[in-house]
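Geometric and topological summary
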Amino acid sequence: MTTNLYAFIIVLGVLVFVHELGHFLVAKIFGVGIEKFSLGFGPKLVGKTIGRTNYRISAIPLGGYVKMVGEEPDVEMPPEDIPFSFNHKPLYQRFLIVAAGPISNLILAVLIFFGVLLYSGMFILQPTVGTVEPQSPADIAGIRSGDTVMAINGRSVDNWEDMSDTIMNSQGRPLSLTIERAGDRIDIQVIPTSRASKNIFGETIDRYAIGIVSSGAVITKPVTFVEALSESTAQTYKITVLTIKSIAKVIQGSLSPKTLGGPIMIAEIAGQQAREGAANLIFFIAVLSINLAILNFLPIPVLDGGHLLFFLIEAVIRRPVSLKVREIANRVGMSVLMMIMLLVFYNDLSRYADKFFQLF
């Protein structure tokens, strides 16, 4: 339990700090005055004022904020503060300042994947057969455990994912597999069949397969600086798309809201990753950083995405959205956010009630 708590503090601290640092740095670049830079909400625990900015750690460690000069709309302010006022900056600058938070979380994920790839290399799952399902197309064709697929229809196969994608996209057409077995290469004809299976979201889908399971054999391939940057960007993009699809499926109702988790779930997973090693925890931070970025981009008032939506409307109508409309939207947004928070807390308590009450 102690490991979970420490890991939770580390994970959330890194994510919140990077997010708020994005807002802070871009605001500074555009000359916006910063009144407070806080990790956490609520009462101040410790803090120090440097210049006009009070840097602090607050009591509720579930987020953070950057309070900028002139951030509140339609508030009277001294004339000398107007050059440093957020709301007196051009629209594109305000847009970039708000967008900088979630963008910083995406950049953090890219940097983490980049560092891991440069240090450890790229792990590649070999296209080597572990088990063959009895009476499957692979079994009937004569494929055996230990065979390595070298090519399909004359096209070289480099990894298990590449091979699997080719089979799934075959539409049931016969495939010529070049197999390496005990140092010899042989060609085998196999006809994939359609079968029902579960995708990553738990949905039942039809996909083409031949009935083989990976042996789990992995090799490590050293990568160059450019390869690491390209692969880390691609990995961040894949997880971003997966996160967006997951949110869309929850909204559509095809993915249960029970899959959502909150602080207790994050603490539990963070603790597990920390016990398995620093590399696992760092990778988890990267994945969670992407999730945080996408959630903040949602067009819900009070989130960064809600502010960005107002700025886009302002760009179209050539004037700021009225204060009354923003206030109503913020109330609705806060209500939506509170309902989401209650849901994830309920899900957490349903999953981890026994562990939660051990804290008291």
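Described in the following lines is the structure provided in the data block. These numbers were taken from a predicted model, which means no experiment stands behind them.

**A look at the overall build of the protein chain**
A count of helical and extended segments in the protein chain gives nine helices and 12 strands. Along the longest, intermediate and shortest principal axes, the C-alpha atoms of the protein chain span 80 × 55 × 40 Å. Looking at the protein chain residue by residue over its 360 residues, the buried ones come to 39%. A separation of at least 24 residues holds for 62% of the contacts in the protein chain among residues at least 6 apart in sequence. Separation of charge centres in the protein chain, based on 30 positive and 29 negative side chains, amounts to 5 Å.

**Thoughts on the pairing of strand S5 (residues 148-152)**
Along a regular strand, successive side chains alternate from one face of the sheet to the other. Of all the five residues making up S5, four are buried; the element is thus mostly covered by neighbouring parts of the structure. Both S5 and strand S7 (residues 175-181) contribute to a ladder of four bridges, which runs antiparallel. Paired with threonine 148 across the strands is glutamate 180, a residue of S7. Pairing between S5 and strand S6 (residues 155-156): two bridges, direction antiparallel. The partner of alanine 151 across the bridge, within S6, is serine 156. Between S5 and S6, which pair antiparallel and follow one another directly, the connecting turn spans two residues, one of which, asparagine 153, has a positive phi of 50 degrees.

**What about the environment of phenylalanine 225?**
Inspection of the secondary structure assignment puts phenylalanine 225 in helix H5 (residues 225-252). The exposed category is assigned to phenylalanine 225, whose relative accessible area is 52%. Considered as a pair, phenylalanine 225 and isoleucine 205 are 20 residues apart in the sequence and their alpha carbons are 38 Å apart. Not counting residues up to four positions away in its chain, the partners in contact with phenylalanine 225 are Phe114 and Leu118.

**Remarks on the pattern of salt bridges**
Side-chain pairs of opposite charge can arise where the charged atoms are in close proximity. All chains considered together, the criterion is met by eight salt bridges. One salt bridge connects lysine 67 with glutamate 35, and the closest N-O pair in it is separated by 2.8 Å. Remark: glutamate 35 occurs in strand S1 (residues 34-50) and lysine 67 occurs in strand S2 (residues 53-68); sequence separation between them is 32 residues. For the salt bridge of arginine 155 with aspartate 162, the shortest nitrogen-to-oxygen distance reads 3.3 Å. Each of Glu35, Lys67 and Glu72 takes part in salt bridges that share partners, so that together they form one network.

**Re the packing of aromatic side chains**
Inspection of every chain in the model, using the stated rule, returns nine aromatic pairs. Aromatic pair phenylalanine 24 and phenylalanine 37: ring centres 5.4 Å apart, planes at 90 degrees, arrangement edge-to-face. Of the two residues, phenylalanine 24 sits in helix H1 (residues 2-29) while phenylalanine 37 sits in strand S1, which places them 13 residues apart along the sequence. On the basis of relative accessible area, phenylalanine 37 is assigned to the buried category, the value being 6%. An aromatic cluster of at least three residues, connected via ring pairs, comprises Phe17, Phe24, Phe37 and Tyr55.

**Regarding a nonpolar patch on the surface**
Among the surface-exposed residues, Phe41, Ile60, Leu62, Met334, Met338, Met341 and Phe345 lie close enough to one another that they form a single nonpolar patch of about 580 Å² accessible area. Residue assignment for the nonpolar patch shows that the elements contributing at least two residues are S2 and helix H9 (323-357). For the nonpolar patch, the element with the most residues is H9, which contributes four residues.

**A look at the packing of helix H2 (residues 91-120) against H5**
To characterise two packed helices, one gives the angle between the axes of the helices and the distance between these axes. Closest axis-to-axis distance for the H2/H5 pair is 8 Å, and the angle between their directions is 135 degrees. When the axis of H2 is compared with that of H5, the two are oblique. In this structure, H2 meets H5 at a crossing whose hand is right-handed. Touching Leu106, Ala109, Val110, Phe113, Phe114, Leu117 and Leu118 of H2 are Phe225, Ala228, Leu229, Glu231, Ser232, Thr233, Gln235, Thr236, Ile239 and Thr240, all from H5. Per-class residue counts for the contact of H2 with H5 are 11 nonpolar, five polar and one charged.

**Some details on H2**
Every α-helix carries 3.6 residues per turn, so stepping three or four residues along brings you back to the same face. Along its 30 residues, H2 runs 43 Å from first to last C-alpha, staying within 8% of the 44 Å computed at 1.5 Å per residue. Of all the bends in H2, the greatest reaches close to 40 degrees and is centred on alanine 100; the proline proline 102 follows between one and four positions later. Immediately downstream of H2, the backbone of glycine 121 shows phi near 85 degrees, a positive value.

**Topic: the packing of H5 against helix H7 (residues 278-297)**
Between H5 and H7, the shortest axis-to-axis distance is 10 Å and the interhelical angle comes to 50 degrees. The angle between the axes of H5 and H7 places the two elements in the oblique class. Remark: the crossing between H5 and H7 carries right-handed chirality. Residue-level inspection shows Gln235, Thr236, Ile239, Thr240, Thr243, Ile244 and Ile247 of H5 in contact with H7, the latter providing Phe283, Val287, Ile290, Asn291, Ile294 and Leu295. Here the residues of the contact of H5 with H7 sort into eight nonpolar, five polar and no charged.

Cut-off values and rules
Residues numbered from 1 in each chain as written. Predicted model: local features only at pLDDT ≥ 70, side-chain atom pairs only at ≥ 80, totals over all residues. Heavy atoms only, no water. Helix = DSSP H or I, 4+ residues; strand = E, 2+ residues; numbered from the N terminus. Buried < 20%, exposed > 50% of the residue type's maximum accessible area, 1.4 Å probe, protein only. Contact = heavy atoms within 4.5 Å. Lys, Arg positive; Asp, Glu negative; His and termini not counted. Charge placed at Lys NZ, Arg CZ, Asp CG, Glu CD. Pairing = 2+ DSSP bridges. Salt bridge = Lys/Arg side-chain N within 4 Å of Asp/Glu carboxyl O. Phe/Tyr/Trp six-rings, centres within 6.5 Å; stacked < 30°, edge-to-face > 60°. Patch = residues over 30% accessible without salt bridge, like charges linked within 9 Å, V, L, I, M, F, W, Y side chains within 5 Å. Areas by Shrake-Rupley, 256 points an atom, 1.4 Å probe, with all protein chains shown as cover. Axes fitted to C-alpha atoms, helices over the stretch in contact; angles between N-to-C directions. Parallel < 35°, antiparallel > 145°, perpendicular 65-115°, else oblique. Left-handed = near helix turned anticlockwise from the far one by under 90°. Nonpolar A, V, L, I, M, F, W, Y, C, P; charged D, E, K, R; others polar. Expected span 1.5 Å × (residues − 1). Bend = angle between axes of the 7 residues up to and from the residue.

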